[in-house]
Amino acid sequence: MNELSLFNSLFDNGCFGVPELYGRTTGMLPRVDVKELKDAYVLDMDMPGKTESDVNISLKDNVLTIASVVDESAEKKAEKEEQKTDWLLHERRASEFSRSFTLPKDIDCEAISASVKNGVLTVTIPRKAAPAAKKIAISAA
């Protein structure tokens with residue numbers, strides 16, 4: 001099985017494509033595109049209005065988790081403000097999210113990088129070079 005078929009099988013396991021939800025989520029989850037390049041996987045996540053300080057990215061046991069930073073005081077302040085306002089229409093709300101992705105085994109954990117530009121979080125996940133075939137010497141008995 002090549003890496004692409006392994007990667008595609010992840011779509012059926014609640015990873016890329018179908019998010020596993022951890023913690024409290026409200027509203028819509030950020031949309032994600034994942035592409036496979038020769039030497040890396042690239043994950044692009046829509047995050048309009050967010051900066052690098054609004055998101056945490058972690059990797060544990062080959063599971064990449066992207067989650068919003070929870071600011072309890074700001075959340076409580078926003079809730080109080082909502083209660084004081086007589087809204088005619090109120091569709092925009094601050095939301096928390098957490099998305100987890102099980103990564104293929106061919107990744108280089110130490111070289112993962114992330115950046116935010118124009119409301120899009122880009123996570124680049126480099127692939128390890130495939131190990132070369134090892135020649136085994138045969139000795140005469």
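Residues numbered from 1 in each chain as written. Predicted model: local features only at pLDDT ≥ 70, side-chain atom pairs only at ≥ 80, totals over all residues. Heavy atoms only, no water.

1. Thoughts on the overall build of the protein chain
Of the regular secondary structure elements, the protein chain holds two helices and eight strands. Helices and strands in the protein chain line up, N terminus first, as α-β-β-β-β-β-α-β-β-β. Within the protein chain, buried positions represent 26% of all 141 residues. For the protein chain, contacts bridging at least 24 residues in sequence account for 63% of all contacts bridging at least 6. As displayed, the protein chain has an accessible area near 10,400 Å², and 52% of this comes from carbon and sulfur atoms. (Helix = DSSP H or I, 4+ residues; strand = E, 2+ residues; numbered from the N terminus. Buried < 20%, exposed > 50% of the residue type's maximum accessible area, 1.4 Å probe, protein only. Contact = heavy atoms within 4.5 Å. Areas by Shrake-Rupley, 256 points an atom, 1.4 Å probe, with all protein chains shown as cover.)

2. Quick look at the nonpolar core
Of all hydrophobic cores here, the largest spans 14 residues; its most connected members are Leu43, Met45, Leu64, Ile66, Leu121, Val123 and Ile125. Counting residues per element, the ones that place at least two in this core are strand E3 (40-46), strand E5 (63-68) and strand E8 (120-126). Excluding its chain neighbours within four sequence positions, the residues that come into contact with Leu121 are Leu43, Asp44, Met45, Met47, Val55, Ile57, Ile66, Ala114, Ser115 and Val116. (Core = buried A, V, L, I, M, F, W, Y, C linked by side-chain atoms within 4.5 Å.)

3. Describing the pairing of strand E7 (residues 113-117)
Looking at chain direction, E7 and E8 are connected through five bridges and run antiparallel. Counted as the bridge partner of Ser115 is Thr122 from E8. (Pairing = 2+ DSSP bridges.)

4. Brief notes about the environment of Ser58
You can see Ser58 is positioned in strand E4 (residues 55-60). Ser58 sits in the partly exposed class, given a relative accessible area of 42%. For the pair Ser58 and Ser100, spaced 42 residues apart in sequence, the C-alpha separation works out to 9.4 Å. Excluding residues within four positions of it along the chain, Ser58 makes contact with Val63, Leu64 and Thr65.

5. Points about the pairing of strand E6 (residues 98-102)
Of all five residues that make up E6, four are buried, and the element is covered over most of its length. Taken together, the five bridges between E5 and E6 define a ladder with antiparallel strand orientation. Counterpart to Thr65 in the pairing with E6 is Ser100.

6. Concerning the confidence of the model for the protein chain
Residues of the protein chain with pLDDT of at least 70 account for 69%, and the chain-wide mean is 78. Summarising per-element confidence for the protein chain, the mean pLDDT is lowest in strand E1 (residues 20-21) (42) and highest in E8 (96). For the stretch residues 1-26, pLDDT sits under 50, and the model shows 51 contacts to residues farther than four places along the chain or on other chains. (pLDDT = per-residue confidence, 0-100.)

7. Topic: unusual backbone geometry
A positive phi angle is found at Asn62, which is not glycine, with a value near 65 degrees. For Asn62, the position within the fold is in the loop between E4 and E5.

8. Observations concerning the sheet that holds E3
Strand order in this open sheet of four strands is E2-E3-E8-E7, and the pairing throughout is antiparallel. A strand with exactly one partner marks an edge of an open sheet, and here the two such strands are strand E2 (32-36) and E7. Geometrically, the sheet is characterised by an average inter-axis angle of 15 degrees between neighbouring strands, direction not taken into account. (Axes fitted to C-alpha atoms, helices over the stretch in contact; angles between N-to-C directions.)

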